[in-house]
Amino acid sequence: MTKIPARPDLVTPDWLTAMLRESGALQTCEVTVVSWEPIGTGQVGDSVRFHLVYSATAAEGPATLAAKFPAADETSRATAAMLGLYGKEVHFYSELAPQLGVRTPRCHVADIDEQTGEFVLLFEDLGPARGGNQLEGCGIEEARLGIMQAVALHAPSWRNEDILGRDWLHANADAAEKVRAMYPHAQSVFRERYAELLEPEFMQVCEDLAACIPWLERDHPKLSLVHGDFRLDNMLFDIHGGDEPVAVLDWQTLSVGNGLTDVGYFMGCGIGDELRRAHELELLDLYHDEMNKAGVTLDRDEMWRDYVIGALHGVSTAVFSAAFVERTERGDANFLSMARGACALALEHDSLGMLERN
């Protein structure tokens, strides 16, 4: 059997049988037939749903499973390798997910070849579920659920050295320097692609951020885990047919920093500018109060500052991702949506000015 089947067509019934037995999801019968179909819209990794047939009619194993593999696109794979994205997600599921309150899929297999970067993640299938949609936005109830999941990630990890001290969470110094060096090029690609599509005032925010030395050379505070891509496309709502409200996916951008970065990113890139303007203070109060209930006391002025600066992460992610992952029609729409929401927040609250003053 292939040790790490790094493509869905390499997954065999024998491999699935062995892995499900090892995880405790299968006892006596065997997987006899497996088929698959693509799911999701991710551009850094490829996700599929497996359909399983068993040797026994009344099989105790799952009828379907979800799985994630390296992206087939070479550009996306190279970007993921440079940033160590695949290893982070594998280590997250194998080491940290059980310690956190955030709802993630149960993981049956999390394995990676550290030399080649080939990996496989095999999860419970959370469907039927309603996928969050960046381009459509969401309602206030979904936004509240997102904030509560942010708390469930940030509070257990807040100043928790057992979690935050793991070597794989911290960016390689060479990789971080490479990202800084590549950022001006990313902005030039972003400008060339979207100058006629993105509003001029928003493109100017992107230009100003690419030239902002405090942003490029900033030191991240080591307060909590940060998802790094905390937006609707990485959330599922009404999972298992409505039995549970929400789950959070795609943990390859996990890092150590300030949890308010996720909040600023979610409010800027994620929920839609109209909803954000109408409910911004309510959602920030929800985050503050729930973190306090979980034992994390946040100063409101500092929280506001970190939220406003955190929105800039949405700008930089839109710019960098657009330049260095596979280009698709939906990807273009996605990056423009992210940039519009994050830039609108940044302009309204002067995120760049806040950054430079701090």
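Below is a short write-up of the structure. Computed from a predicted model, the values in this text were never measured in an experiment.

**A word on the side chain of N258**
As for its position among the elements, N258 is in the loop between β10 (255-257) and α10 (260-270). The exposure class of N258 is buried, given its relative accessible area of 8%. Within the structure, the side chain of N258 is placed 2.9 Å from the backbone nitrogen of L260, a separation counted as a polar contact. Among the polar contacts made by the side chain of N258, one reaches the side chain of D306 at a distance of 2.9 Å. Residues contacting N258, with those up to four places away along its chain left out, are W158, P221, L223, S224, V226 and D306.

**Considering the nonpolar core**
If you look at the biggest cluster of nonpolar residues, it comprises 96 residues, and the most contacted ones within it are F92, L96, F190, L225 and Y287. No other element matches helix α14 (residues 329-349), which puts nine residues into this core. Aside from chain neighbours lying at most four places away, what touches Y287 is I147, A150, V151, H154, W158, G259, L260, V263, L298 and M303.

**Quick look at the sheet that holds strand β1 (residues 31-39)**
Spatially, β1-β2-β3-β5-β4 is the arrangement adopted by the five strands of the open sheet, whose pairing is antiparallel. The open sheet terminates on both sides in strands that have one partner only, identified here as β1 and β4 (107-112). Here the strands of the sheet are splayed against their neighbours by 25° on average, with no regard to which way each runs. Where β4 meets strand β5 (residues 119-124), five bridges bridge the pair, whose relative direction is antiparallel. Pairing of C107 across the sheet is with F123, part of β5. Here helix α3 (residues 85-96) sits on the sheet in contact with β3 (64-70), β4 and β5, set at roughly 140° to β4.

**Here we look at the pattern of salt bridges**
In total, this model carries 30 salt bridges according to the counting rule given. Its salt-bridge partner being E207, residue R191 comes within 2.5 Å of it at the nearest N-O pair. Taken together, the residues span a long stretch of sequence, with R191 in helix α6 (residues 173-194) and E207 in helix α7 (residues 200-210) at a distance of 16 residues. Exposure remark for E207: the relative accessible area of 22% places this residue in the partly exposed category. Across the pair R327 and D332 runs a salt bridge whose closest N-O atoms are separated by 2.9 Å. Of the residues examined, D332 reaches a relative accessible area of 17% and is grouped as buried. Three or more residues joined by partner-sharing salt bridges are found here, namely D273, R276, R277, E280 and E348.

**Examining the packing of α10 against α14**
At a closest axis distance of 7 Å, the pairing of α10 and α14 adopts a crossing angle of 115°. Residues G264, Y265, M267, G268 and C269 of α10 form the contact with α14, whose own contacting residues are M338, G341, A342 and L345. Split into classes, the residues belonging to the contact of α10 with α14 amount to six nonpolar, three polar and no charged.

**So, the sheet that holds strand β9 (residues 244-248)**
The strand order across the open sheet formed by three strands is β6-β8-β9, and the pairing between neighbours is antiparallel. For this open sheet the edge positions go to β6 (130-131) and β9, each flanked by a neighbour on one side alone. By the bridge criterion, three bridges tie strand β8 (residues 235-238) to β9 in an arrangement that is antiparallel. Residue pairing in the sheet places L236 in a bridge with A247 of β9. Each of β6, β8 and β9 touches helix α4 (residues 140-157); the most contacted strand, β9, lies at about 55° to it.

The rules behind each value
Residues numbered from 1 in each chain as written. Predicted model: local features only at pLDDT ≥ 70, side-chain atom pairs only at ≥ 80, totals over all residues. Heavy atoms only, no water. Helix = DSSP H or I, 4+ residues; strand = E, 2+ residues; numbered from the N terminus. Buried < 20%, exposed > 50% of the residue type's maximum accessible area, 1.4 Å probe, protein only. Polar contact = N/O pair within 3.5 Å; in protein donor to acceptor, adjacent residues only side chain to side chain. Contact = heavy atoms within 4.5 Å. Core = buried A, V, L, I, M, F, W, Y, C linked by side-chain atoms within 4.5 Å. Pairing = 2+ DSSP bridges. Axes fitted to C-alpha atoms, helices over the stretch in contact; angles between N-to-C directions. Salt bridge = Lys/Arg side-chain N within 4 Å of Asp/Glu carboxyl O. Nonpolar A, V, L, I, M, F, W, Y, C, P; charged D, E, K, R; others polar.

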